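Residues per chain are reported as follows:
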Amino acid sequence: MLTSILILALAVAPQEPQVFMLNTEENVWDVAFSDMNLDGNKDILLITNDETAFPMKKKIAVFLSDDNCAFPAEPDCILPLPEETGVALCAEVDGTPPAEILAIHTSGAHIFKFTGKDFESLGSVAFHSLLPSFSREPVFMQQGAKDLDKDGIEEWLIPTGAGLDLWNQRGLLASVSCDVVSEMRCGDSTVIVHRLPDYKTFDIAGEQSPGLAFLSDEFADFAHGSGWAERYRFRIPMSLEEKWDASAKMEDITGNGFPDLVVTQTRGTVRMESETHVYLAETPFKYPDKPNATFTCKGAVSSPVILDVNNDKKLDLVFIRISFGVGNIINFFVRGKLAIDAEVYLFDGKNYKNKADYSTTMTMDAPEGRQRVAYTFGDFNGDGLLDVAYGKSDDKFSVYTGDTKRFVSSRPWKTFDMPSFGSAAPYDLNGNDARDIVLIRPGGNLAKRVDVIVF
């Protein structure tokens, strides 16, 4: 009887996280995930380049997981990329897994298929786009492929000056217009900037293909129907007389299947002021003239993250705020520390409260140079509550578990010995309830190193 109890306790006890350090020959600029060896676990793809070399040496390094979701220190295979590559995209091109890799530039894409040990070319497709060519810092298009017509082949969402073109290997499927901000600035050099809208898919009753929703800082554009020819536009009311910057996100907050809008407008520098407006869709394509909720912040950098904090299947708002107050400035220059405030507003099914449900302060080592303190949100222990992982010091990366009374615990649940600057994000590598973490350091002196934590 005692033996049975011990076996049961060991079976349900959480396993210790696995930590892996991946190494590449060139600097890592971005990461993507795909089940390349079809074992049920996600494999890691790193896009790399020596930005100082001539010609440039762009590659994708593939790290295959084993049955236990363990990763090797060195890549299993390397895909050399054409020098004109600006971005890469994982997409199902031929209808047979695993997904193919597209090396994309301004005038088209080269397609590569994984054979199990290496890659072979499937040819190329020509098109015109806003995507860069010959980028020194290539990245992945993280949401650039969707199976929109439900045929098992993913379409590529290629940005243009007028919106998005929907492509696959057979050709152009449709062109969808939306608000794309394009500006040119002339000085000692000429700089051209494009700001693309956030986008989501949504279902419309009676239609086979999903609709497309696009959100810029001024417009929400919608396309659906045959060839996505049915169009709607909602203009977002501006509240700041002088807007310096803006960000916009869309998620289905109310759970009615249609995206809701979260728009943040910012002005000023030292006397910074930001306002975040939430517009909840009343019916498809219908939003209120005035925001359902408004959040104002003065004297701090403020940015909302949309997540389910308390596992009630509703999307909450987490505001991360870095104050420009005297205390924070002194801490930054004297102690090398940075205080970051987190405020949580829970969605009750109808709206958000005017006062934060949770407030907490996190102290981190101040970043140096191009680096930033790595932090991310996710359920890392699998209990359903939102956890926070961030660099407590420059060589300690800690995970603080969710707490229903104060947002996150005051003491770390797990601490890992690793450089804690860079860009961290949660991913599902092994299919269990706990999210995993991948930490990359683009542009830093440890850009050839990637740390992976599998929970």
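Residues numbered from 1 in each chain as written. Predicted model: local features only at pLDDT ≥ 70, side-chain atom pairs only at ≥ 80, totals over all residues. Heavy atoms only, no water.

Go over the overall build of the chain, please, and point to the residues and values.
Summing up its helical and strand segments, the chain has 2 helices and 37 strands in all. Taking all 455 residues of the chain together, the buried fraction comes to 49%. Counting only contacts in the chain whose residues sit at least 6 apart along the sequence, the fraction spanning at least 24 positions is 47%. Entry remark: accessible area of the chain is about 21800 Å², with carbon and sulfur atoms responsible for 51%. (Helix = DSSP H or I, 4+ residues; strand = E, 2+ residues; numbered from the N terminus. Buried < 20%, exposed > 50% of the residue type's maximum accessible area, 1.4 Å probe, protein only. Contact = heavy atoms within 4.5 Å. Areas by Shrake-Rupley, 256 points an atom, 1.4 Å probe, with all protein chains shown as cover.)

Describe the packing of aromatic side chains, naming the residues involved and giving the relevant values.
Taken as a whole, this structure holds 26 aromatic pairs when the rule is applied. Arranged with centres 6.4 Å apart and planes meeting at 45°, the rings of Tyr199 and Phe214 form a pair that is tilted. In this pair, Tyr199 is assigned in strand β17 (residues 198-202) and Phe214 in strand β18 (residues 211-215), connecting sequence segments 15 residues apart. With relative accessibility at 13%, the residue Tyr199 sits in the buried group. Taken together, the aromatic side chains of Phe202, Phe222, Tyr232, Phe234, Phe258, Tyr279, Phe285 and Tyr287 make up a single cluster linked through ring pairs. Stacked on the ring of Phe219, the Lys or Arg Arg233 has its end atom at 4.0 Å from the ring centre. (Phe/Tyr/Trp six-rings, centres within 6.5 Å; stacked < 30°, edge-to-face > 60°. Lys NZ or Arg CZ within 6 Å of the ring centre and 35° of its normal.)

Lay out the sheet that holds strand β10 (residues 139-140) in plain terms, naming residues and giving numbers.
With mixed pairing, 5 strands are arranged side by side in an open sheet as β9-β8-β7-β6-β10. Across the chains shown, the open sheet's two edge strands, defined by having one partner strand only, are β9 (119-126) and β10. Relative to strand β7 (residues 100-105), strand β6 (residues 87-91) is paired through 5 bridges, and the arrangement is antiparallel. By the bridge assignment for β7, Ala91 is matched with Glu100. (Pairing = 2+ DSSP bridges.)

A description of the side chain of Asp43 should follow, citing residues and the corresponding values.
You can see Asp43 is positioned in strand β3 (residues 43-49). Reaching out from Asp43, the side chain makes a polar contact with the backbone nitrogen of Ser65 at a distance of 2.8 Å. (Polar contact = N/O pair within 3.5 Å; in protein donor to acceptor, adjacent residues only side chain to side chain.)

Break down the pattern of salt bridges for me, citing the residues and quoting the values.
All told, the structure shown has 14 salt bridges when counted by the stated rule. The closest approach of N and O atoms between Lys414 and Glu16, which form a salt bridge, is 2.8 Å. You can see Lys414 sitting in strand β34 (residues 414-417) and its partner Glu16 sitting in the loop between α1 (2-12) and β1 (18-23), a full 398 residues away along the chain. What makes Lys414 buried here is its relative accessible area of 18%. Close ionic contact of Arg441 with Asp451 constitutes a salt bridge, the shortest N to O distance being 2.6 Å. Residue Arg441 is located in the loop between β36 (436-440) and β37 (449-454), and its partner Asp451 is located in strand β37; the two are separated by 10 residues in the primary sequence. The pair formed by Arg441 and Asp451 is uniform in burial state, with each residue classed as buried. Salt bridges linked by common partners bring Glu25, Glu26 and Lys59 together as one network. (Salt bridge = Lys/Arg side-chain N within 4 Å of Asp/Glu carboxyl O.)

Lay out the sheet that holds strand β20 (residues 230-235) with the relevant residues and their values.
One open sheet accounts for 4 strands, arranged β17-β18-β19-β20; its pairing is antiparallel. Each edge of the open sheet carries a strand with a single partner, namely β17 and β20. Along the sheet, successive strands turn relative to each other by an average axial angle of 15°, direction set aside. (Axes fitted to C-alpha atoms, helices over the stretch in contact; angles between N-to-C directions.)

Please provide a residue-by-residue account of the pairing of strand β24 (residues 293-298), values included.
Of the two faces of β24, only the one carrying Ala293, Phe295 and Cys297 is buried; Thr294, Thr296 and Lys298 on the other face are not. The pairing of strand β23 (residues 273-279) with β24 spans 6 bridges and is antiparallel. Residue Val278 lies in a different strand from β24, and its bridge partner there is Ala293.

Account for the environment of Ala223, naming residues and giving values.
Of note, Ala223 is situated in strand β19 (residues 219-224). Under the relative-accessibility criterion, Ala223 is labelled buried at 0%. A sequence separation of 46 residues divides Ala223 from Ser177, and the C-alpha atoms of the two residues are 8.4 Å apart. The contact partners of Ala223, leaving out residues within four places of it in the chain, are Val176, Phe202, Gly211, Leu212, Trp228, Glu230 and Arg231.

An account of unusual backbone geometry is needed here, citing residue identities and associated values.
Residues Phe54 and Pro55 are joined by a peptide bond in cis, for which omega reads -5°. Here the residue pair Pro97 and Pro98 is connected by a cis peptide bond, since its omega of 5° sits within 30 degrees of zero. By secondary structure assignment, the location of Pro98 is in the loop between β6 and β7. The residue Phe285 is not glycine, and still its phi comes out positive at about 70°. For Asn311, which is not glycine, the phi torsion reads 60° and is therefore positive. Of note, Asn311 is situated in the loop between β25 (300-307) and β26 (316-323). Judged by its relative accessible area of 34%, Asn311 falls in the partly exposed class.

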